[in-house]
Structures are given as C-alpha cells and as structure tokens.
2 protein chains.
Amino acid sequence: MQKKDKEVQKRDSQVYDFGSISWKGAELGNLKEHLVENIHLVEEYPEREAESIVRLLSRRLEVKEDQVIVTDGATGALHLVASISKGATSLILPPTNQEFRHALERAEHIIKEAHDVKDLGKLDLAGIDYLWICNPNNPDGRFFSRRAILSLLREHPEVNVVIDLSMASYVVEDNIKASDIKKYPNLIVVSSFSRAYNIPGMRVGYAVSTADKMKHFKQNYTPRCVGSLALEATRFILLHPAQFTIPIRKWLRDSMQLAEKLDSIYGIEVIYGSTPYFMIRLNVGTVSELSTFLWEEYDIKIATREDDLDLQENEVRLCGYIGDRNNEPLIEGIQEYITRFTETEGEEVER
Amino acid sequence: MQKKDKEVQKRDSQVYDFGSISWKGAELGNLKEHLVENIHLVEEYPEREAESIVRLLSRRLEVKEDQVIVTDGATGALHLVASISKGATSLILPPTNQEFRHALERAEHIIKEAHDVKDLGKLDLAGIDYLWICNPNNPDGRFFSRRAILSLLREHPEVNVVIDLSMASYVVEDNIKASDIKKYPNLIVVSSFSRAYNIPGMRVGYAVSTADKMKHFKQNYTPRCVGSLALEATRFILLHPAQFTIPIRKWLRDSMQLAEKLDSIYGIEVIYGSTPYFMIRLNVGTVSELSTFLWEEYDIKIATREDDLDLQENEVRLCGYIGDRNNEPLIEGIQEYITRFTETEGEEVER
C-alpha cells in the first residue's frame, strides 16, 4: 500500500524500471495514434475468432490459417493448450515461466520438474505427455538452440513440446519457428504481441499447431476473447513490422555490460543468459530490503519472487536499458545497499 | 464478400442498423476522450483478476468482493460458469441467447430444451442441474418478472439458476438483482458492459455468485483476460454511471410504435416482448431476400439466423431507434419488399 502511494506520487518523475522485461524502447507513437483514430471500434463487436488477424498472422508465420488461433495473451494460449489435455503428465524445467505452472495446475496436469537443465538431450522423458519450454526462458534468459530442440522433437515424436516464443526477439541465436510444426507435428508454439512490443496491456497472443490439435483448441476457445482495439493494434503491428524491430545486438551489449559490472560487486552473483534480462543472486542482505532501498532511495524497480516469478528468495531478475548512462543508477544503488549492509554488519560484530 | 465490399463503400454514408441491439444513443464522447488520454495503458499489464474493478463493482452491486469475477465479456462469464460443471444437465428455454448453447456444448453439458415457455412455474425441472435464462431474453425480448424468478429460486434450491442480465436496462419492470445471491445461493448472475453501453468492442463482463462457487470460477479463470484499456473503460463507467442511463421509456414507446406499424403490414407478424427489440415472422417471401433487398435499396441492416441468433428461417430480430422519423425507412422498405414480392407472385400466377 505504501509502495502504491509512492507510485502515484512518483508517476510524473523518472522511475527506472529494471524489473520489467518489456522492450521499453518501442516507438509506440504511430500505433497509439492509430488506436486513437480508431477509438470508435469500442462500439463494434470483435470478430468471433479474430479471423482477419489469423489470416495475416498465418502469412507472416508461413503456416495455414487452420493452424493458428488468436488468444487473450500468451497466457490465454497456454491455458488453452493445457485445457485440452486435462490430467496429462507434463514436464517443466524450472526456473521458468510461472504461467506454465498456473495453467497446468488449473488443468489438473501431473506436473514433473527437471531443475537447472542445460542439455535437452539428457532429459528423461519417459511417461511425459507434454514438455513446456520458454525459449528464451523467463526469468533467467536460458536459451536452447534451434538444433537442440529439433533433435528433441525428432527423437521424441510421442511427446508434445510446447515452446513459448514470447521473447524470441530478445536473442540473436537461431530459434525454433512456428512453421516447424509442418515437419514436427508434436510441436506447439505459443507467442504474443506483448512485452517485445511494449503493449502488455492489450492482451494478444496466439498458438500454432497442426490443424488436428487446433480443432480441440477451438472447442475450448472463448469466442471474442480479444477486443476490437486489441485486434486493431495487432493488425497495425502486422502491417508495419519494421516499426517494431528491436535493436537486439545493442541492447544485449549494454545489458551484458551492466551484468558484468554488477558481477564485480561483492556479494552479488550474476547468472548470465542469452537475453538482455538476467538473474542475480544476493549473497549478503535480503532481496526485500534491497528492493525497498532501491525504490525509496533511487526510484528503481526490480523484479523478485513477489512479482509471481519463479525465483528463489535471494534472487532478482534485472533487465538493462540501452545506453550505459541509464544503467548507472542501478549499479550505484546496489553498491550502496551492499556497502551500508556490510557496514551495519561490521558495527554489530564490533559491539 | 459482396456485402462486405458494399459495407466498406457505405462506411461514410448513413447506414440504418435495425439488426444491432446495442444502445446506439449512448453518449460515448467523454468515455472515448478518457481512453484517448489513457492510451499509454497499452504499455501496462492489466491486473491479474481485475481486482480494482471487482472492488468498484461489488460496491455498485451490493455484494462482497469475493462474490464477483470480471471476465472477457458476458460470453467469457457464461463459458466460465459452464466450464465448472462439465457433463451436468442443463435446461435452456429457446429461442434464447445462442451463447448458452455454445458454452454448454463446449463444456459437454447434457442440453435439454423447453420451447416457448411463458410460465416459469410450470417448468419440469426434474433432473436439471442448471437452468439458463436470459432476462430480458434475446432475440425475442421475453421477460420473466422478478417475482416469478424468486419463486423458482425458492422452490428449487437444488437447481442452479443462471440469469444473464446483460440487457436488464432494456426493460422497465422489476428484474432479479445480483444481490439476490445473498438470499438465494442457487442464483448465478451474469452481465456485461457491452450493448447497453454501446461498447461491445471492449469485452468486459462479469459473474456474481456465492463465494463458494466463485472459488471454482477462479480456478478456471484465465488471468489478465481483460486488457488495460477495457478495464479503464469499465472504471470510467462505474465512476460516471449517470452518463450511461438509457431513456428506456421513450425508447420502448418509439420502438413499440414501429412494431405496431410493421404488424399492420400484410405478411408480417410481430412477436412482442418487453424490450425495444422484438421479433417478426415473415409469412411471404424469404428473410434472406428481404435482408438483401433492404441492404441494397435502403442501406438497412436487419438481424437474422445468419447472425448466430436463435431464430427460425422466417424470423427477423429488429430494434427500433428513438424518434419516429428514424424508424420510417424500415417500415417503407419492408412495405416495398412485400409489395414487390406479391406483385411478382401475381404475375407468375397470371402466366
């Protein structure tokens, strides 16, 4: 509540949000202008199954129209995929997208976990119906290569592999693609127009699978679950893709520089991934204290397990900005917290 | 396709939409302005379960916060209610809200039907788990009095009665209320901020039930299924309710005048209800011919079974405007169609 009050107060001043992994550099001026011009769409029913967006999207993804479904966010897509296979046995690879767990619990899957997996080839998939991979992964930026996933798909045709590609544009490496479902019918791809476009408020996602599976998804689909303005925003993005390209190499470089500087601070351990966001472990002090300190003293937000992320108590997810200058306050703030903490510790020992 | 092309062409000219039952007189200027001012919300995640709207709504409806859930349209609410009781036996009262059937089929309910019910007291509810009533009803404007529904709830505590109140503001009579769940735990109320506010594009609905049932709804709920702008629109409506009052007596009066004039046309039979919308039966010609004729010659839209309504082949749903002058083109158009049709018929007989 206190944090909330301060938030209102701070709304107009500069807040550094290192917690969010939305692409904050997105140039949304044209999109917003387009939505404002089309605000009358609030008066019009959206299409029952977002048919026109399915059409555009299928062309973009190079799949057929009956292989795509447009949902209320990637979240909606994940819950839909889980819902057609109630009671199945699912394997997740923590730490990972927390929504996997929510969707699977809701659909009463038997959830198995394989922790800190580095090599997909070594996974034990006996008895597994569904394998859920976020690629690149959230919260740690772990990335499995296209080649590794293709091998998995080939070697385990009996396992349905669900890949969440929502953050695919956050890596430079070759990733799996929606059109890979043509060769690998055991692949289901989920993605969204959300963080990578900095419009998580619109709630537009999608799933791609073989037409056979798609029939089941459609049976469980809530008609018109995506509103007219959200569909219009998606149309705009699909027709003007160039406006939404992320300068990923630069973002990665600057963010990795931030990570390395943090890694040199006593008490901080960085877990590097393939994305501009990464995890740190705090080996002195507590995350909740650090979080409060950064917010109150530096107007800085960070992401912790309190934000419904699959993090341990001493872990934080951070995402850098482009431009070193923008990342300096975070380094300074964390350094200051550690210094104060170790000084207090020292005093206590002296007494 | 042809109709679609013409639609694009006609966009700027006057189209008379007697098919839609949205309250087209809604003064949306302030709401749209508010949304335009808050267009930055596309960048922000919506609340996971629309918590702030649940709070406002629970006060407005005089129920507790844990008795309300905010959904992607009334459609989302209906599918949610159906989904927590897969395989149950449900009774619907056709003609009625077509979405009942869709939701029940999807959730594999056993669907029973009682046609043209006038008196709820005479319903045979043996073996029925759920009874679904749209009140007032769509497409025919049928209305069951508050007293009749309360008797039903009292006499059949074993039956869950789902009442869709989406068009409650289209009648002047006393209707059931969300707060009636306090006395009748077998009542589930569904409603929306859609046609009655002329914002069906926003997709915001809700369900109200006992906290016990609500727990099951929440288990099946897709988090963040309502986007940030849609939530903001709802907030605006809840904080400025007076701007959205329908002048229902005037609308009813003018619409009934339209109905009576149509009823006097040879070959047309009006089925009167309690709402500004009503059904007609066409006893000469065909509905699809009439529909094409009105669109091409008069720029008039009407609603037929092609619009996913629970109508017979010779039935049409119509909704009048306020102001006699606005309704005249429809009377003229239908009169003209009937005249032409009977003349052609006559010629054919002569040959």
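Residues numbered from 1 in each chain as written. Chains lettered and ligands numbered in written order. Predicted model: local features only at pLDDT ≥ 70, side-chain atom pairs only at ≥ 80, totals over all residues. Heavy atoms only, no water.

Before going further, it helps to spend a moment on the domain arrangement of chain A. Interface size is commonly expressed as the accessible area that is lost once the parts come together. Residue and element names in this part refer to chain A. Domain annotation for chain A reports domain 1 (28-241) and domain 2 (247-346). Relative to domain 2, the C-alpha centre of domain 1 lies at a distance of 29 Å. Facing 20 residues of domain 1, the contacting portion of domain 2 comprises 18 residues. Summing both sides of the interface, domain 1 and domain 2 together bury roughly 1,400 Å²; the carbon and sulfur share of this comes to 55%. At the boundary of domain 1 with domain 2, the tally comes to 1 salt bridge. A salt bridge links Asp310 to Arg101; the nearest nitrogen and oxygen atoms lie 3.1 Å apart. The interface formed by domain 1 and domain 2 contains 6 residue pairs in polar contact (both at pLDDT 80 or more). Residues belonging to the side of domain 1 that touches domain 2 are distributed by class as follows: 9 nonpolar, 7 polar and 4 charged. (Domains from an automatic or database assignment. Contact = heavy atoms within 4.5 Å. Buried area = accessible area lost by both parts, 1.4 Å probe. Salt bridge = Lys/Arg side-chain N within 4 Å of Asp/Glu carboxyl O. Polar contact = N/O pair within 3.5 Å; in protein donor to acceptor, adjacent residues only side chain to side chain. Nonpolar A, V, L, I, M, F, W, Y, C, P; charged D, E, K, R; others polar.)

The next thing to look at is the pairing of strand E8 (residues 205-208) of chain B. All names here are of chain B. Neither face of E8 is open: one carries Gly205 and Ala207, the other Tyr206 and Val208, and all of them are buried. Summarising the sheet, strand E7 (residues 187-192) and E8 pair through 4 bridges and their orientation is antiparallel. Bridge assignment links Ser191 to a residue of E8, and that residue is Tyr206. (Buried < 20%, exposed > 50% of the residue type's maximum accessible area, 1.4 Å probe, protein only. Helix = DSSP H or I, 4+ residues; strand = E, 2+ residues; numbered from the N terminus. Pairing = 2+ DSSP bridges.)

Further remarks concern the relation of the copies chain A and chain B. Overlaying chain A with chain B gives an RMSD of 0.0 Å, the required rotation being 180° about an axis along which the chain moves by 0.0 Å. With respect to symmetry, the two chain copies, as superposed, fit the operation of a two-fold axis. It is A:Val36 whose C-alpha, among those of chain A, lies nearest the rotation axis, at 2.9 Å. A shared interface surface links the copies, since 100% of the contact residues of chain A are contact residues in chain B too. (Least-squares fit on C-alpha atoms with pLDDT ≥ 70 in both.)

Turning to the side chain of B:Asn220, a few remarks are in order. Topologically, B:Asn220 is positioned in the loop between helix H7 (211-219) and helix H8 (228-239). Only 3.0 Å separates the side chain of B:Asn220 from the side chain of B:Ser83, close enough to count as a polar contact. Residues within four places of B:Asn220 in sequence aside, it is in contact with A:Arg106, B:Leu80, B:Ser83 and B:Ile84.

Residues and elements named next belong to chain B. Relative to each other, helix H2 (residues 29-37) and H8 sit at 140°, their axes nearing to 10 Å. The pairing of H2 with H8 is recorded here as oblique in orientation. Pair H2 / H8 crosses with right-handed handedness. Contacts between H2 and H8 involve Asn30, Leu31, His34 and Leu35 from the former and Leu229, Glu232, Ala233 and Phe236 from the latter. (Axes fitted to C-alpha atoms, helices over the stretch in contact; angles between N-to-C directions. Parallel < 35°, antiparallel > 145°, perpendicular 65-115°, else oblique. Left-handed = near helix turned anticlockwise from the far one by under 90°.)

For the α-helix, the turn length of 3.6 residues means that residues three or four positions removed from each other point alike. Residues and elements named next belong to chain A. Among the 9 residues of helix H5 (residues 98-106), 7 are classified as buried, and the element is accordingly described as predominantly covered. Considered for burial, the residues of H5 that qualify are Gln98, Glu99, Phe100, Arg101, Ala103, Leu104 and Arg106. The opening residue of H5 is Asn97, an N-cap whose side-chain oxygen sits 2.9 Å from the backbone nitrogen of Glu99.

All names here are of chain B. Overall, antiparallel pairing links the 3 strands, which are arranged E9-E10-E12 in an open sheet. Edge positions in the sheet fall to strand E9 (268-271) and strand E12 (315-319), since each has one partner strand and no second. Averaged over all neighbouring strand pairs, the angle between strand axes comes to 30°, with direction disregarded. Judged from the 4 bridges that link them, E9 and strand E10 (residues 277-282) form a sheet pairing that is antiparallel. Across the sheet, residue Val270 finds its bridge partner in E10, namely Ile280. Most of the contacts of helix H9 (residues 248-263) go to E9, to which it runs at about 150°, and overall it touches E9, E10 and E12.

A few words now on the environment of B:Asn283. Residues and elements named next belong to chain B. By the element assignment, Asn283 lies in the loop between E10 and helix H10 (287-298). The class for Asn283 is partly exposed, based on a relative accessible area of 49%. With 137 residues separating them along the chain, Asn283 and Arg146 place their C-alpha atoms 34 Å apart. Those residues within four positions of Asn283 in sequence are excluded, and the remaining contacts are Gly267, Glu269 and Asn314.

Let's shift gears to the sheet that holds strand E5 (residues 130-134) of chain A. Paired through their backbone hydrogen bonds, the strands of a sheet run either parallel or antiparallel. Residues and elements named next belong to chain A. As summarised here, the arrangement of the 7 strands in space is E2-E8-E7-E6-E5-E3-E4, forming an open sheet in which the pairing is mixed. Each end of this open sheet is capped by a strand with a single partner; those strands are strand E2 (68-71) and strand E4 (110-113). Across the sheet, the axes of successive neighbouring strands diverge by a mean angle of 20°, strand direction being ignored. As paired elements, strand E3 (residues 89-92) and E5 share 3 bridges and run parallel to each other. Across the sheet, the residue bridging to Leu91 is Leu131, located in E5. The strands touched by helix H6 (residues 146-155) within the sheet are E5, strand E6 (160-164) and strand E7 (187-193), with E6 carrying the most contacts at an inclination of about 155°.

Attention now goes to the interface of chain A and chain B. At the junction of the two partners, chain A supplies 40 residues and chain B supplies 40 residues. Taken together, the two surfaces of chain A and chain B that pack against each other cover about 3,200 Å², and 55% of this comes from carbon and sulfur. Linking chain A to chain B there are 6 salt bridges. The shortest N-O distance in the salt bridge between A:Arg48 and B:Glu99 comes to 3.2 Å. The interface formed by chain A and chain B holds 20 residue pairs in polar contact (both at pLDDT 80 or more) in total. If you list the elements that add at least two residues to the side of chain A that touches chain B, you get helix H2 (29-37), helix H4 (73-83), H5 and helix H8 (228-239) of chain A.

With that settled, the discussion passes to H7(B). Residue and element names in this part refer to chain B. By the burial criterion, the buried members of H7 are Lys213, Met214 and Phe217. End-on view of H7: buried residues confined to an arc of 105°, all on one side of the axis. The outward face of H7, more than 90 degrees from its buried face, is lined by the exposed residues Asp212, Lys215 and Gln219. Residues of H7 that are buried sit in contact with strand E2 (68-71), helix H4 (73-83), strand E6 (160-164), E7 and E8. (Arc of directions from axis to C-beta.)

Moving on to the side chain of A:Ser228. Note on placement: A:Ser228 falls in helix H8. Among all residues touching A:Ser228, those that are not within four sequence positions of it are A:Leu41, A:Glu44, A:Tyr45, A:Pro46 and B:Gly201.

A word on the confidence of the model for chain A. All names here are of chain A. Per-residue pLDDT for chain A has a mean of 93; in total, 95% of the residues score no lower than 70. A low-confidence stretch, residues 1-8 stays under pLDDT 50, and its non-local contacts, those more than four residues away or across chains, total 6 contacts. Per the prediction output, this complex has pTM 0.91; the corresponding ipTM is 0.89. (pLDDT = per-residue confidence, 0-100.)

Time to look at the pattern of salt bridges. All names here are of chain B. Per the counting criterion, the structure on display carries 28 salt bridges over all chains. A salt bridge links Asp119 to Lys122; the nearest nitrogen and oxygen atoms lie 3.9 Å apart. For Asp119, a relative accessible area of 37% gives the class partly exposed. According to the relative accessible area criterion, Lys122 is exposed, its value standing at 70%.

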